Amino acid sequence: QVQLVESGGGLVQAGGSLRLSCAASGRIFSINAMGWYRQAPGKQRESVATITSSGITNYADSVKGRFTISTDNAKNTVFLQMNSLKPEDTAVYYCNVRGISSITWVTYDAWGQGTQVTVSS
């Protein structure tokens, strides 16, 4: 019942920046956590950055100091500012939102469709 729309992916040279956005819509009673995950070719999906409703953030070691996750709670949107991009950041990035649905009154775990980020050498 919760839909996520991602945007902001693209192709950028190493050292460049991109800002990903993910907006959640639907009958959302609450959002408990939002995050970004990525999956590179031949690799497992991994957590990149997460943020809880209380503002606690966690970053993968590989992106610490370069990526920043933030939210606009009024718009149910999560962002991922990616700076100093490296070729190894190339992956499909997925946003994730967890919370309680106002329709079912149970927890939901929604995923975006993914946005491609390609970093050239």
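Draft legend 1. Expanded view of the packing of aromatic side chains. Under the criterion given, the structure shown has two aromatic pairs. A ring pair is formed by F29 and W105, whose centres lie 5.2 Å apart and whose planes are at 65 degrees; its orientation type is edge-to-face. Of this pair, F29 sits in strand β4 (residues 28-39) while W105 sits in the loop between β9 (91-101) and β10 (107-111), and the two are 76 residues apart along the sequence. The pair formed by F29 and W105 is uniform in burial state, with each residue classed as exposed. Above the ring of F79, the side-chain terminus of R19 is found at 4.4 Å from the ring centroid. One residue, R45, lies across the ring of W111, its end atom 4.9 Å from the ring centre.

Draft legend 2. Structural view of the pairing of β10. Side chains of β10 alternate between two faces, with Y108 and A110 buried and T107, D109 and W111 left unburied. Counted along the chain from β9 to the antiparallel partner β10, the turn is five residues long, and its residue W105 has a positive phi close to 60 degrees.

Draft legend 3. Up close: the pairing of strand β11 (residues 115-120). Only one face of β11 is buried: it carries T115, V117 and V119, and the other face, with Q116, T118 and S120, is open. Pairing of strand β2 (residues 10-13) with β11, which is carried by four bridges, proceeds in the parallel orientation. Each bridged residue has a counterpart across the sheet, and for Q13 the counterpart in β11 is S120. Looking at chain direction, β9 and β11 are connected through three bridges and run antiparallel. When the sheet's bridge partners are listed, A91 is paired in β11 with V117.

Draft legend 4. View of the pattern of salt bridges. Under the defined criterion, the tally for this structure stands at five salt bridges. In this structure, the salt-bridge partner of D89 is R38, at a minimum N-O distance of 2.9 Å. On the criterion of sequence distance, the pair formed by D89 in the loop between β8 (77-82) and β9 and R38 in strand β4 is long-range, its members being 51 residues apart. Both residues of the pair, D89 and R38, count as buried. The residue D89 makes a salt bridge to R66 at a minimum N-O spacing of 2.7 Å. Remark: R66 occurs in the loop between β6 (57-59) and β7 (67-72) and D89 occurs in the loop between β8 and β9; sequence separation between them is 23 residues.

Draft legend 5. Highlighting the side chain of D89. Look at D89 and you get buried, because its relative accessible area is 1%. In terms of polar contacts, D89 uses its side chain to reach the side chain of R66, at 2.7 Å. D89 has contacts with R38, V63, R66, F67, S84, V117 and V119, leaving out every residue within four places of it along the chain.

Draft legend 6. Representation of the state of the cysteines in the model. On inspection of all chains with the given rule, the structure shows one disulfide. A sulfur-sulfur distance of 1.9 Å marks the disulfide that ties C22 to C95. Here the S-S torsion is close to 50 degrees, and the disulfide linking C22 with C95 is therefore right-handed. Note that C22 is positioned in strand β3 (residues 18-26) and C95 in strand β9, a separation of 73 residues in sequence. As far as the burial class goes, C22 and C95 line up, both buried.

Scoring rules and cut-offs
- Residues numbered from 1 in each chain as written.
- Predicted model: local features only at pLDDT ≥ 70, side-chain atom pairs only at ≥ 80, totals over all residues.
- Heavy atoms only, no water.
- Phe/Tyr/Trp six-rings, centres within 6.5 Å; stacked < 30°, edge-to-face > 60°.
- Helix = DSSP H or I, 4+ residues; strand = E, 2+ residues; numbered from the N terminus.
- Buried < 20%, exposed > 50% of the residue type's maximum accessible area, 1.4 Å probe, protein only.
- Lys NZ or Arg CZ within 6 Å of the ring centre and 35° of its normal.
- Pairing = 2+ DSSP bridges.
- Salt bridge = Lys/Arg side-chain N within 4 Å of Asp/Glu carboxyl O.
- Polar contact = N/O pair within 3.5 Å; in protein donor to acceptor, adjacent residues only side chain to side chain.
- Contact = heavy atoms within 4.5 Å.
- Disulfide = S-S within 2.5 Å.

Interpretation in functional terms is not warranted from these geometric data alone.
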